[in-house]
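The residues making up each chain are set out below.
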Amino acid sequence: MFESLDAKIQTFRVIPSLPEALSPLLELAHNLWWTWQPDVAALFERLDPPLWEQTGRNPVRLLGLLPQPTLDQAANDPAFVHAVRTAVERLRADLAKPSWFDSEFRDLPAPAGAEPVIAYFSAEFGLTESFQIYSGGLGCLAGDHLKSASELGVPLIGVGLLYRQGYFHQYLNADGWQQERFPDLDFATQPIQREIDPDTGRQRVVWLDLPGRRVAVGAWRCQVGRITLCLLDTNLEENDPRDRDITRRLYGGDVERRIEQELVLGIGGVRMLTALGRAPAVFHMNEGHSAFLALEHIRQLRAATDLSFDEALRATAASHVFTTHTPVPAGIDRFAPDLVERHLSPMLPELGLSMDGLLALGRENPADEHEFFSMAVLALKTSDRCNGVSRLHGRVSRSMWSRLWPGLPVDETPIGHVTNGVHIRSWVAPRMMELFDRHLGWAWQRDPADHTVWDDAGAIPDEELWRAHQAERASLITWVQRRLRGQLERRGLARADIESRVGALDPDVFTIGFARRFATYKRATLLLSQPERLLALLGDAERPVQILIAGKAHPADGPGKEMIRELVKFAESSPAAARVVFIEDYDIGVARRMVAGCDVWLNTPRRGLEASGTSGMKAAINGVINVSILDGWWDEAFGREMGFAVGSGETYEDPAEQDAVEGRAVFDLLERQILPEFHDRYESSVPRAWVQRMKHSIMAVAPFFNTNRMVSEYTRSLYVPAAGSTSALACDGYAGARDLSARLARLRQRWPGVRVEDARAQTGRSLPINASAPVEVVVRLGDLDPAEVRVQLYVGVVTGPGAMADPAVIDLNHAESLGDGRHRFTGEIHADRSGRLGYTARVVPRLDALSHTHPPGLISWFGGDDAAHRPAESLAAGHA
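Numbering of residues starts from 1 in every chain and runs along the sequence as written. The model is predicted, so local features are restricted to residues of pLDDT at least 70 and side-chain atom pairs to those at 80 or more, both for listing and for counting; the totals for chains, interfaces and linings are taken over all residues. Only hydrogens and water are removed before side-chain values are computed, so all heavy atoms of the structure are retained for them.

What about the pairing of strand β2 (residues 156-161)?
Phase 1 of the analysis: Accessible area is worked out with a 1.4 Å probe on protein chains only. A residue is then buried under 20% of its type maximum, exposed over 50%, and partly exposed in between. Per the convention used, a helix needs a DSSP run of H or I reaching at least four residues, while a strand needs a run of E reaching at least two, with both numbered from the N terminus. The element β2 is extensively covered by neighbouring structure, given that 6 of its 6 residues are classed as buried.
Phase 2 of the analysis: Of the two faces of β2, the one lined by Leu156, Gly158 and Gly160 and the one lined by Ile157, Val159 and Leu161 are each fully buried.
Phase 3 of the analysis: Pairing between strands is defined by DSSP: at least two bridges between the two strands are required. In this structure, strand β1 (residues 115-122) lies alongside β2, joined through 4 bridges in parallel fashion. By the bridge assignment for β2, Ile118 is matched with Leu156.
Phase 4 of the analysis: For the handedness criterion, the β-α-β arrangement of β1, helix α8 (residues 137-152) and β2 is classed as right-handed.
Phase 5 of the analysis: Bridge analysis of β2 against strand β8 (residues 227-233) gives 5 bridges, and the strand direction is parallel. Among the inter-strand pairings, Gly158 is bridged to a residue of β8, identified as Leu229. Look down the strands so they point away from you; if going from the first strand over the helix to the second traces a clockwise path, that crossover is right-handed.

Digging into the packing of aromatic side chains
Phase 1 of the analysis: Any two rings among Phe, Tyr and Trp, with Trp reduced to its six-membered ring, count as a pair given centres within 6.5 Å; such a pair is stacked if its planes are under 30 degrees apart, edge-to-face if over 60, and tilted if neither. In this structure the tally under the stated criterion is 27 aromatic pairs.
Phase 2 of the analysis: On the basis of an interplanar angle of 20 degrees and a centroid distance of 6.3 Å, the ring pair of Phe292 and Phe373 is categorised as stacked. A residue pair is termed long-range when its members are at least 10 positions apart, and Phe292 in the loop between β9 (280-286) and α11 (293-304) and Phe373 in strand β12 (residues 373-374) qualify at 81 residues.
Phase 3 of the analysis: Ring centres of Phe704 and Phe705 lie 4.9 Å apart, and the angle between their planes is 80 degrees; this geometry places the pair in the edge-to-face category.
Phase 4 of the analysis: Accessibility expressed as a relative area gives 4% for Phe705, which makes it buried.
Phase 5 of the analysis: Here the aromatic residues Trp633, Trp634, Phe638, Phe704 and Phe705 are joined through ring pairs into a cluster of three or more.

A closer look at the sheet that holds strand β26 (residues 822-830)
Phase 1 of the analysis: Pairing in this open sheet of 4 strands is antiparallel, and the strands run β21-β22-β26-β25 from one edge to the other. Pairing within the sheet leaves two strands with one partner each, and these edge strands are β21 (755-761) and β25 (813-819). Strand after strand, the sheet turns through a mean of 25 degrees between neighbouring axes, direction not considered. Lines fitted to C-alpha atoms define the axes, with helix axes restricted to the stretch in contact, and inter-axis angles between N-to-C directions lie between 0 and 180 degrees.

Describing the sheet that holds strand β19 (residues 625-629)
Phase 1 of the analysis: The 6 strands are arranged β17-β16-β15-β18-β19-β20 in an open sheet whose pairing can be described as parallel. Of all the strands in the sheet, the pair left with one neighbour each is β17 (580-583) and β20 (643-646). Neighbouring strand axes in the sheet, compared pairwise and without regard to direction, differ in orientation by 20 degrees on average.
Phase 2 of the analysis: Sheet analysis places strand β15 (residues 510-515) next to strand β16 (residues 545-550), joined by 6 bridges and oriented parallel. Directly across from Ile512, in β16, lies its bridge partner Ile547.
Phase 3 of the analysis: In what follows, residue pairs with any heavy atoms lying within 4.5 Å of each other are defined as contacts. Together, β15, β16 and β17 form the strand contacts of helix α22 (residues 462-490), whose direction differs from that of β17 by roughly 75 degrees.
Phase 4 of the analysis: Those strands touched by helix α30 (residues 688-701) are β15, β18 (600-603), β19 and β20, and its axis lies near 75 degrees from that of β19.

Some remarks on the confidence of the model for the protein chain
Phase 1 of the analysis: Averaged over every residue, the pLDDT of the protein chain is 94; residues scoring 70 or more account for 96%.
Phase 2 of the analysis: This model gives residues 866-880 a pLDDT under 50, and the stretch forms 51 contacts once residues within four places in sequence are excluded. Values of pLDDT, which run from 0 to 100, indicate the predictor's confidence residue by residue.

Thoughts on the side chain of Asn706
Phase 1 of the analysis: Along the chain, the position of Asn706 falls in the loop between α30 and α31 (707-750).
Phase 2 of the analysis: Take Asn706: its relative accessible area is 0%, and that puts it in the buried class.
Phase 3 of the analysis: One polar contact links the side chain of Asn706 to the main-chain amide nitrogen of Arg709, over a distance of 2.8 Å.
Phase 4 of the analysis: The contacts of Asn706, once residues within four sequence positions are left out, are Gly421, Val422, Ile424, Pro448 and Ala449. Two N or O atoms form a polar contact when they lie within 3.5 Å of each other; inside protein one atom must be a possible hydrogen donor and the other a possible acceptor, and for residues adjacent in sequence the pair counts only when both atoms belong to side chains.

Regarding the pattern of salt bridges
Proximity of charged atoms lets side chains of opposite charge pair with each other.
Phase 1 of the analysis: Every case where a carboxyl oxygen of Asp or Glu lies within 4 Å of a side-chain nitrogen of Lys or Arg is listed as a salt bridge. A full pass over the atoms with the stated rule returns 70 salt bridges.
Phase 2 of the analysis: We note a salt bridge from Glu713 to Arg709, for which the minimum N-O separation is 2.8 Å. Residue Glu713 and its partner Arg709 are both found in helix α31; the two are separated by 4 residues, about one turn of the helix.
Phase 3 of the analysis: Overall, the relative accessible area of 24% leaves Glu713 in the partly exposed class.
Phase 4 of the analysis: Measuring nitrogen to oxygen at the nearest pair gives 2.8 Å for the salt bridge that ties Glu816 to Arg824.
Phase 5 of the analysis: Three or more residues are tied together by salt bridges with common partners; here these are Asp175, Arg490, Arg491, Glu562, Arg565, Lys569, Glu572 and Glu584.

Side note on the environment of Ala360
Phase 1 of the analysis: In this structure, Ala360 sits in helix α15 (residues 355-360).
Phase 2 of the analysis: Residue classification places Ala360 among the buried residues on the basis of a relative accessible area of 18%.
Phase 3 of the analysis: When the C-alpha atoms of Ala360 and Phe372 are compared, they prove to be 9.9 Å apart, with 12 residues separating the residues in sequence.

Remarks on the pairing of β15
Phase 1 of the analysis: When you tally the buried positions in β15, you get 6 out of 6 residues, the bulk of the element.
Phase 2 of the analysis: Both faces of β15 are covered, namely the face carrying Phe510, Ile512 and Phe514 and the face carrying Thr511, Gly513 and Ala515.
Phase 3 of the analysis: Once you follow β15 into helix α24 (residues 531-538) and on to β16, the crossover reads as right-handed.
Phase 4 of the analysis: Where β15 lies against β18, 2 bridges are found, and the strand directions are parallel.

As for a negative patch on the surface
Phase 1 of the analysis: What makes a patch is a set of residues exposed beyond 30% relative accessible area and free of salt bridges, joined within 9 Å when like-charged and within 5 Å when nonpolar (Val, Leu, Ile, Met, Phe, Trp, Tyr). We get accessible surface area from the Shrake-Rupley algorithm with a probe of 1.4 Å; when it comes to residues, only the shown protein chains can shield them. All tallies of charge rest on Lys and Arg as positive and Asp and Glu as negative; His and the ends of each chain are not included. Just so you know, the charge point we use is NZ for Lys, CZ for Arg, CG for Asp and CD for Glu. Side chains of Asp338, Glu341, Asp356 and Glu369 sit close together on the surface and give a patch of like negative charge.
Phase 2 of the analysis: Along the chain, Asp356 turns up in helix α15.
Phase 3 of the analysis: What makes Asp356 exposed here is its relative accessible area of 61%.

Looking at α22
Phase 1 of the analysis: One fewer than the residue count of a helix, multiplied by 1.5 Å, yields its expected span. Across its 29 residues, α22 extends 42 Å between first and last C-alpha, which sits within 8% of the 42 Å expected from 1.5 Å per residue.
Phase 2 of the analysis: Following α22 by one or two positions, Gly492 adopts a phi angle in the positive range, close to 85 degrees.

Some remarks on unusual backbone geometry
Phase 1 of the analysis: Positive phi values are uncommon outside glycine, yet Asp585 reaches one of about 60 degrees.
Phase 2 of the analysis: Among the structural elements, Asp585 can be located in the loop between β17 and α26 (588-597).
Phase 3 of the analysis: Backbone geometry places Asp732, a non-glycine residue, at a positive phi of 55 degrees.
Phase 4 of the analysis: Tracing the backbone shows Asp732 in helix α31.

Details of the nonpolar core
Phase 1 of the analysis: In these notes, a set of buried Ala, Val, Leu, Ile, Met, Phe, Trp, Tyr and Cys residues joined through side-chain atoms within 4.5 Å is what counts as a nonpolar core. By size, the foremost hydrophobic cluster in this structure holds 178 residues, and its most contacted members are Leu25, Phe292 and Trp401.
Phase 2 of the analysis: With 15 residues, α31 is the largest single contributor of residues to this core.
Phase 3 of the analysis: If we skip the residues at most four places from it in the chain, Trp401 touches Ile332, Glu364, Ser374, Ala376, Val377, Leu380, Thr413 and Ile415.
Phase 4 of the analysis: Met563, Met594, Met642 and Phe678 belong to the second-largest nonpolar core, a separate cluster that totals 103 residues.

What to know about the packing of α24 against helix α29 (residues 655-678)
Phase 1 of the analysis: For the pair α24 and α29, the least separation of the axes is 10 Å and the interaxial angle reads 25 degrees. Viewed along their axes, α24 and α29 adopt a mutual orientation that is roughly parallel. Seen along the crossing, α24 lies across α29 with a hand that is left-handed. Listed contacts from α29 to Arg533, Leu534 and Leu537 of α24 are Arg664, Phe667, Asp668, Leu670, Glu671 and Leu675.
Phase 2 of the analysis: Amino acids are sorted into nonpolar (Ala, Val, Leu, Ile, Met, Phe, Trp, Tyr, Cys and Pro), charged (Asp, Glu, Lys and Arg) and polar (every other residue, Gly among them). Class assignment of the residues belonging to the contact of α24 with α29 gives a composition of 5 nonpolar, no polar and 4 charged. An angle below 35 degrees is read as roughly parallel, one above 145 as roughly antiparallel, one from 65 to 115 as roughly perpendicular, and any other as oblique. Each crossing gets its hand from how the near helix is turned against the far one by less than a right angle, where anticlockwise is left-handed and clockwise is right-handed.

Here's the deal with helix α25 (residues 558-571)
Phase 1 of the analysis: Compared with the 20 Å implied by 1.5 Å per residue over 14 residues, the 20 Å span of α25 between its first and last C-alpha is a close match.
Phase 2 of the analysis: Buried within α25 we find Gly560, Lys561, Met563, Ile564, Leu567, Val568, Phe570 and Ala571.
Phase 3 of the analysis: Of the surrounding elements, those touching the buried residues of α25 are β3 (169-172), β4 (178-181), α23 (495-503), α24, β16 and β17.
Phase 4 of the analysis: A side-chain oxygen of the first residue of α25 lies 3.0 Å from the backbone nitrogen of Gly560; this N-cap is Asp557.

Structure follows, in structure tokens:
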């Protein structure tokens, strides 16, 4: 029972009194390096296995709860003490050894006064189940990003929020309706320490201006291998109770609480880095929650220089990387104009902006004064490098945001993609890890992105792989039975009913896993669309099926909660249906067990709405077979030898029709392909074809869909180029940024006079394959010099009236000036394919400093005054 006292409470920290021989355990417990070192985690578990589980695998809390006799006994065990000493020596060696980044880059370019470091901002980080400052996939990805950055030696610092209650804990009432609990995290038993100001001896604090008051923001440090994670906290005595609650809950509260959290993350995060003496060369926004960091970065730069807003924007945007994870506009944080004005108006003088100018940064249409302020739009407009999180999501994002670049073809919208991955050593099950060590050697742990290492997985003996997987399934089912018994007892079921439900699960039965956030587009109840077929599979005497389901609905998502209730009610409807089990309180621990022990991983989102998804990757590296809609990562990973696709990537106008068609497709796959193959054990107890599929899954997914490959790709493609661009623009007192801003202003002022007057290719009615024909384009540039622009031919396959596909862009050469601002450009069109080709011409700026992006609105097409605002695909000017 907790009492709320009307009194000032003084606090002090109690630390475990460890025998000297065990003191290294504190160092190990306070560095989350242990989370991907199973032998180190096993050391903590050996001290007291039941207590290890009760603490949620939290070594800091475990050490504080162990009775002194247990500690003394361990300290007198020479083998245990040696193992502890060896583990801490390994930790220190790992942190000090030369890294991939050292060998590839040696250092990160950084402008004068900046540090060769990347600041990685995220609203959530999923690092281990006991440190619940995450809700799901976004947080787990961020946590895995830090872990791989540590392994690769990428100079990175994380910035996030320290939520006092984290995300909610889930349980179901007697009616199967989701309920939420919000217990406080005990910071004293978490792997964090206050950042101390050496001048005061107190916690480091920065201040943030909110409407009518100032809010103090404190900092905590969490160590993830080599990487420091800085976590921000407003639960300080300097703040009033309302402001102490800003960092109370992840994704909790109303829209005002949301903007306050994002101001603390973005603006407070940059201020805290400055207070800690950190000046990163690159800032990475993992989703738009942290986009306010761009405003603070601009403000600080203007305070230190005489740059205008536009000049500071150009200088800072070069250092910003924005990763979008959201494939639909409804998923973006958007704030009413008056809310933005109340919270950000104090910054305007230091930014050098009017409120209209600030609001324009967050609007797709700056002229629409009623449009809400979008955090994703702010991030896109203040970041020179932007990416989606899978190949398909990159395409979806380019289409979704193409209106920000009017006139630019959708495929050229400057949003690329870096496909997500998972941290292999955090997600490979212990038995699979032993198997990989035995047959692949240590190379798979040193460099999981090396394809040649994983090729050897095909030579793992079938019997060994199958035996390891069967053991993981048995371990999972035993754990689920124990968990289910506790769930049903709390819901008040009779003892006989509980034993019947628990006994319905069988460690030898084919097991389907479905675990993810309960958003309606993920269609968790798709299998319920054909209850007769489902009951037939569950109750089959020879080839039974059992289904494990887990996931949380957002507290405000009634339809998501109803889906959970439907599944629970179905599971109660008959003895066969009892083989469908909903596991409460989905977290990293639940996920780790499920992705290791299921036979199939089911994923049924509406295509185009899953940005990436990573749970299927975690399953695949453990040999679990994916059965999924071709969406997110599975759209680029799928191969017939390593999994199953539901449909062929079709889209539907009618959601009900889509559900019916794809529901039937899932059952068809199960009945006709999956279950027959799984149970095909002719002359053997091992399903040979199924095990071959498991091997193909491991070999295809492990070397590419891992965060070591992902972080190295971010580093090569985004971080290092961004640092280089930033350094170039900052040289000589930001001369590059000043020049770029001036050139953009000149181009925008004069662009209305830019025209393509004529475009002609001497192709005749036809052109032989591989032949070339001369091209001539006449443009009007007004006062612009030909060297300031690129005149380009745009060539593609004509697919309909004014439409082209598979376009190629060809730069033309300036041939002569015709007077009166008119110029002739020439080149060649090459018939590199047969069929009906079309071409048109366009003018774009020549800005080497922005070669990786495109300034919005600066494009003119052959076709008239309104052509710059029409999609280029509709502008075929001639045919070859």
